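Below, each chain spelled out in residue letters.
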Amino acid sequence: MPPVKYQRGDTVMGRWPGSSLYYEVKVLGFDAKSQLYTVIYKDGTELELKEQDIKSASGFQTRSRSRSRSPGRRRSRSRSPGRTTRRSSSRTAAAVAAAAITDSAPSSRRDTKLKDTVEVTLSPLVSATASLSVIPVLMKKLEITMIALYFFLSPGAYFWLLFLPAWVLFLILQVNLVDPSLVNFPPPLPPLEAFWDAQALGFVTLWILFQAVLYVLPVGKVSEGMPLRSGERLKYRTNGEADAVAVAVMVHQDVDLTYIHSHFLQLATASFLISVLLSIYLYVRSRYVGQEQLALGGNSGNVIYDFFKGHELNPRIQDFDLKFFCEMRPGLIGWCLINFAMAIAEMKQQGLDTPSNSMILVNLFQLLYVVDGLWNEEAILTTMDLMHDGFGFMLAFGDLVWVPFTYTIQAYYLVSHPIPLSLPAVIAIVILKIIGFYIFRKSNSEKNAFRRNPSDPKLSYLKTIHTATGKSLLVSGWWGVVRHPNYLGDLIMALAWSLPCGFSHLLPWYYMIFFIILLVHRDSRDMSECRRKYGSAWEEYCRTVRYRIIPHVY
Ligand SMILES: NC(=O)C1=CN([C@@H]2O[C@H](COP(=O)(O)OP(=O)(O)OC[C@H]3O[C@@H](n4cnc5c(N)ncnc54)[C@H](OP(=O)(O)O)[C@@H]3O)[C@@H](O)[C@H]2O)C=CC1
Ligand SMILES: CC(C)=CCC[C@@H](C)[C@H]1CC=C2C3=C(CC[C@@]21C)[C@@]1(C)CC[C@H](O)C(C)(C)[C@@H]1CC3
C-alpha cells in the first residue's frame, strides 16, 4: 500500500469541486478504503477530496483564494468523527452549482469536472435543506457576477456615469432655446464659467441642510422598514408632511424665487457636485462595513460599477438614513419649489396676473404627486429602492439632480412656450390625472398594507399565493389586474403631466418617454428578482396575472 502523502493536521491547497480554484484547507483524515482525504476549508466546509485535487501549500499562488472564498460557505464545523460519509443529491446539487460559478472551462473539460463533483461527497451533517438553501445564494452570486461582467465588458456603468449628467445638461440647454426642436440639436454650449456660481452652491447646500434639520426634528411618526437579511428592522422617521408644510410657509415669506429660473444651470451644477461628493463618501464608507450591510447588486468588486450602482444598502450616520432622506426630501420637495418658481417666472416673462392654465395643471399635478409621496412616506419602505438597491451615484444623482432638474422641464418649458388650453381640454386632462392617481395610490397602498400586515382583516377578501419564503403574493385586487398596477397609474399620470404642454415639441414629453423606459426596465428587473426569490410561486402568479403593466397590451 503506498504511503499516505498528506497527514492529519497538514495545511494544503484543496481544489473546490468542479472548479480550477484552490483554497487553503486542513487535512482531517484519510480513508484508505475510498482513497479520499477529508479536508476542512477555512469557512468550515468539509469535503472529501482525491489526492490529485490536493496540492502542497508551499509556493502555491493564493490569489484566487483571497479573491473568492469557497462558494459554499456552509457552517458545518461540528462534524462527528464517528459518522460515515454518505452521498446526497442535494449535496451534489450544491457542488454542481458551485461548479457553475467558477468553471469557465470548455464543455469537454467541464464534463470531466462535473463528474469530479459527483465523486466528491460533502459532510453528512449538512442537512438536505441547509444544502439546498445554499443554491439561491450561489445563483445570486452567479447573477451578480454576470451583471458585473456585463457592466465591465460593455460600456455600462462608465457610459451612464457620463451620459446621465450630459443628458441633464442637454435638457437644460435645449429648454432655453426659442425653438427647442431636435433640428436645433446640439444646443450651443455656454462658456465654462457660466456653469459655476458660488452663491448657487451656497443655496443648494443650505437647502439640503435645511431639509436635514427638518428631517431630524422629533415630530411625526417613526415607522419600521421591511426586515433586512439579518432579520433586523430599521426605524425611519416619516415626518414628510411636516417638512412640506415648513417649506410652504417659507415660500410664503416673499422669497424671490425667480433666481431659480435665472440660475437653473448653476444650481444644477452645484447639485451635481454635491451628488458626486456624496457618492464618493458613500463608496468609501461602504468599503468599511460588514458584508451583511451591503446590497446584493452593487457588490461586484468593480470600483466603477459599485460606485455607480451603490454598495451599501442602508448607509446611516447614527439614525440619519442617507438613502431615505435623499430619496424623499431635498430633491422631491425641491421639485415642487422649482415648479413654483417657474410659475412666477412665467407670469413675469409673459406679463400675466396669474399663471397659465397649463402651468397651473403641471404645478398642481406634480405637487399632488409629491405631497402624496410625503403623506404616504411609509409606503416607500416597501419599494425596490429602499428594500434592495444600494445607495450610490445612480440614486444620489437621481435624487439630487435628476428629479429636481429634469422632472421640472415641463414647467420650465411653459415659462417661454405658452400653450393655451381650452376648458374641455383642461377637464379631460384633469380626469385622466385623477384616474391615474387613483390606480397608483390604491395599488401602492394595497401592497404596502399587505406587506406590513398580511393578516389585515381589511384585506381578507384578497386571494393570495403562498411562497416558500413565508411571504405571500397578492393575486386579486389591483395586483390581480396586472403585475405592476402602480406603474400603470404612474404612467397615466405622466401622460396627464405632458398633455398640458401640447404637441409642438418633443422636449416636454421627455418625462413620459424616460418613464416608459425606466418602468419597463424596473419591471423586468423586479421580475427576475421575484422569480429568484419566489421560484414556482412566482411562475404561478405570472400564469394567473398575464400582463405586466397594461392589461391585454403589455
Ligand atoms: N416618479 C418616478 O420617477 C418613479 C416612481 N416610481 C414609483 O414608485 C413606486 C414603487 O415602485 P417600485 O419600487 O419600482 O416597485 P413596487 O412598489 O411595485 O415593488 C415591487 C415589489 O413589490 C412586491 N410585489 C410584487 N408583486 C407583488 C404581489 N403580487 N403581491 C405582493 N407583493 C408584490 C415585491 O417585493 P417583496 O415581495 O419582496 O415585498 C416586488 O419586488 C411605484 O408606484 C412606481 O410607479 C418608481 C420609480 C421612479
Ligand atoms: C436615470 C436615473 C438617474 C435614475 C434614478 C432613478 C430615480 C430618479 C428614481 C428611482 C425611484 C424613484 C422614486 C421616486 C422618485 C424618483 C426615483 C428616486 C419617488 C420618490 C417619487 C414620488 C413617489 O410618490 C414615490 C415615493 C412612489 C417614488 C418612489 C420611487
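Residues numbered from 1 in each chain as written. Chains lettered and ligands numbered in written order. Predicted model: local features only at pLDDT ≥ 70, side-chain atom pairs only at ≥ 80, totals over all residues. Heavy atoms only, no water.

Asker: How should I be thinking about the overall build of the protein in this particular structure?
Answerer: Regarding its fold elements, the protein presents 20 helices and eleven strands. Looking at the protein residue by residue over its 554 residues, the buried ones come to 51%. Carbon and sulfur atoms make up 64% of the accessible area of the protein, which totals about 27,000 Å². (Helix = DSSP H or I, 4+ residues; strand = E, 2+ residues; numbered from the N terminus. Buried < 20%, exposed > 50% of the residue type's maximum accessible area, 1.4 Å probe, protein only. Areas by Shrake-Rupley, 256 points an atom, 1.4 Å probe, with all protein chains shown as cover.)

Asker: Looking at this structure, how should I read the side chain of Asp399?
Answerer: Its location among the elements puts Asp399 in helix α15 (residues 393–406). Looking at Asp399, its side chain comes within polar contact range of the main-chain nitrogen of Glu327, at 3.3 Å. (Polar contact = N/O pair within 3.5 Å; in protein donor to acceptor, adjacent residues only side chain to side chain.)

Asker: Help me understand the UniProt feature "transmembrane region" (unreviewed entry) in the protein in this model?
Answerer: The feature "transmembrane region" (unreviewed entry), as given by UniProt, occupies residues 144–173, 264–284, 391–415, 421–440, 461–482 and 494–520 in the numbering adopted here. Across residues 264–284 one finds 100% helix and 0% strand; the C-alpha atoms that close the span lie 30 Å apart. Across residues 494–520 one finds 59% helix and 0% strand; the C-alpha atoms that close the span lie 14 Å apart. (UniProt positions renumbered as here; feature names shortened; annotations may be inferred.)

Asker: How do you make sense of the packing of helix α5 (residues 156–175) against α15 when you look at a structure like this?
Answerer: Contact geometry for α5 and α15: axes closest at 11 Å, N-to-C directions at 10°. Between α5 and α15, the crossing angle belongs to the class labelled roughly parallel. Touching Leu161, Leu164, Pro165, Trp167, Val168 and Leu171 of α5 are Phe393, Phe397, Val401, Trp402, Phe405 and Thr406, all from α15. Considering only residue class, the contact of α5 with α15 consists of eleven nonpolar, one polar and no charged. (Axes fitted to C-alpha atoms, helices over the stretch in contact; angles between N-to-C directions. Parallel < 35°, antiparallel > 145°, perpendicular 65-115°, else oblique. Contact = heavy atoms within 4.5 Å. Nonpolar A, V, L, I, M, F, W, Y, C, P; charged D, E, K, R; others polar.)

Asker: Is there a simple way to explain the pattern of salt bridges in this structure?
Answerer: Any two side chains of opposite charge can pair if their charged atoms end up close together. Throughout the structure, instances matching the rule amount to 13 salt bridges. In this structure, Glu224 and Lys235 form a salt bridge, with 3.5 Å as the shortest nitrogen-oxygen distance. Taken as a pair, Glu224 in strand β6 (residues 221–224) and Lys235 in strand β7 (residues 235–238) lie far apart in primary sequence, eleven residues in all. Taking relative accessible area as the criterion, Glu224 reaches 33% and is therefore assigned partly exposed. When salt bridges that share partners are traced, they join Lys221, Glu378 and Arg452 into one network. (Salt bridge = Lys/Arg side-chain N within 4 Å of Asp/Glu carboxyl O.)

Asker: Even after reading the chapter, I still don't get the packing of aromatic side chains, so can you show me in this structure?
Answerer: Both the distance between ring centres and the angle between the ring planes are used here to describe each pair of aromatic rings. Per the counting criterion, the structure on display carries 39 aromatic pairs. On the basis of an interplanar angle of 85° and a centroid distance of 4.9 Å, the ring pair of Tyr215 and Phe320 is categorised as edge-to-face. Taken together, the residues span a long stretch of sequence, with Tyr215 in helix α6 (residues 198–216) and Phe320 in strand β9 (residues 320–321) at a distance of 105 residues. In this structure, Arg316 packs its charged tip against the face of Tyr236, placed 4.8 Å from the ring centre. (Phe/Tyr/Trp six-rings, centres within 6.5 Å; stacked < 30°, edge-to-face > 60°. Lys NZ or Arg CZ within 6 Å of the ring centre and 35° of its normal.)

Asker: Just to check I follow, could you spell out the site of ligand 1 for this structure?
Answerer: Near ligand 1 lie 28 residues; those nearest to it are Tyr407, Arg451, Tyr487, Asp490 and Tyr534. Between ligand 1 and Met384 there is a distance of 2.7 Å, counted from an oxygen atom to a backbone nitrogen or oxygen. The contact in question runs from an oxygen atom of ligand 1 to an N or O atom on the side chain of Tyr534, over 2.3 Å. Among the elements of the structure, α14 (384–387), α17 (423–452), β11 (472–474), α18 (485–498), α19 (510–534) and α20 (536–544) are those that each provide at least two residues to the shell around ligand 1. Element by element, the count of residues in the shell around ligand 1 is highest for α19, at eight residues. Residues of the shell around ligand 1, tallied by class, amount to 16 nonpolar, four polar and eight charged. (Near = heavy atom within 4 Å.)

Asker: Looking at this structure, I do not really get the environment of Ile40. What am I missing?
Answerer: Considering the arrangement of structural elements, one finds Ile40 in strand β3 (residues 36–41). Exposure remark for Ile40: the relative accessible area of 19% places this residue in the buried category. As for Ile40 and Val25, which are separated by 15 residues in sequence, their C-alpha atoms are 5.3 Å apart.

Asker: What should I look at first to understand the side chain of Asp385 in this one?
Answerer: On the secondary structure map, Asp385 appears in helix α14. In this view, Asp385 contacts Lys323, Glu327, Leu395 and Arg522; residues no more than four positions away in its chain are not counted.

Asker: Explain the site of ligand 2 to me, please; I cannot follow it from the model alone.
Answerer: Lining the immediate environment of ligand 2, one finds 14 residues, of which Glu327, Gly373, Asp385, Asp399 and Arg522 sit closest. In isolation ligand 2 has 630 Å² of accessible area, and contact with the protein removes 88% of it. At the level of secondary structure, the elements contributing two or more residues to the shell around ligand 2 comprise α13 (357–375), α15 and α19. The element best represented in the shell around ligand 2 is α15, accounting for four residues.

Asker: Which parts of the structure should I look at to understand the environment of Tyr22?
Answerer: Residue position: Tyr22 is located in strand β2 (residues 22–31). Given a relative accessible area of 11%, Tyr22 falls into the buried group. Along the chain, Tyr22 and Thr408 lie 386 residues apart, while their C-alpha atoms are 55 Å from each other.

Asker: Explain the pairing of strand β1 (residues 11–15) to me, please; I cannot follow it from the model alone.
Answerer: Along a regular strand, successive side chains alternate from one face of the sheet to the other. Extensive coverage of β1 is indicated by the burial of four of its five residues. When β1 meets strand β5 (residues 54–56), the two strands line up antiparallel, connected through three bridges. Bridge assignment links Met13 to a residue of β5, and that residue is Lys55. (Pairing = 2+ DSSP bridges.)

Asker: Honestly, the pairing of β7 in this entry has me stumped. Any pointers?
Answerer: On β7, burial follows the alternation: Tyr236 and Thr238 on one face are buried, whereas Lys235 and Arg237 on the facing-out side are not. As paired elements, β6 and β7 share four bridges and run antiparallel to each other. Following the sheet pairing, Glu224 is matched in β7 by Lys235.

Asker: Even after reading the chapter, I still don't get the environment of His261, so can you show me in this structure?
Answerer: By the element assignment, His261 lies in helix α8 (residues 258–262). What makes His261 buried here is its relative accessible area of 17%. Sequence-wise, His261 and Glu346 are 85 residues apart; in three dimensions their C-alpha atoms are separated by 9.5 Å. Look past the residues within four positions of His261 in its chain and what remains in contact with it is Met342, Ala345, Gln349, Tyr412 and Val415.

Asker: Help me understand the packing of α13 against helix α16 (residues 409–416) in this model?
Answerer: Packing of α13 against α16 leaves a shortest axis separation of 10 Å and a crossing angle of 165°. Considering their axes alone, α13 and α16 lie roughly antiparallel with respect to each other. Read as a crossing pair, α13 and α16 show a hand that is left-handed. Residues Ser358, Met359, Val362 and Gln366 of α13 touch α16, and the partners they reach there are Gln410, Ala411, Leu414 and Val415. A per-class count over the contact of α13 with α16 returns five nonpolar, three polar and no charged. (Left-handed = near helix turned anticlockwise from the far one by under 90°.)

Asker: Hey, could you run me through the confidence of the model for the protein in this one?
Answerer: As a note on interpretation, predicted positions should not be read in detail where pLDDT is low. Of all residues in the protein, 80% have pLDDT values of 70 or greater, and the mean over the chain is 80. Below pLDDT 50 for its whole length, residues 61–133 participates in 122 contacts with residues either more than four positions away or in separate chains. The ipTM for the predicted assembly is 0.97, set against a pTM of 0.74. (pLDDT = per-residue confidence, 0-100.)

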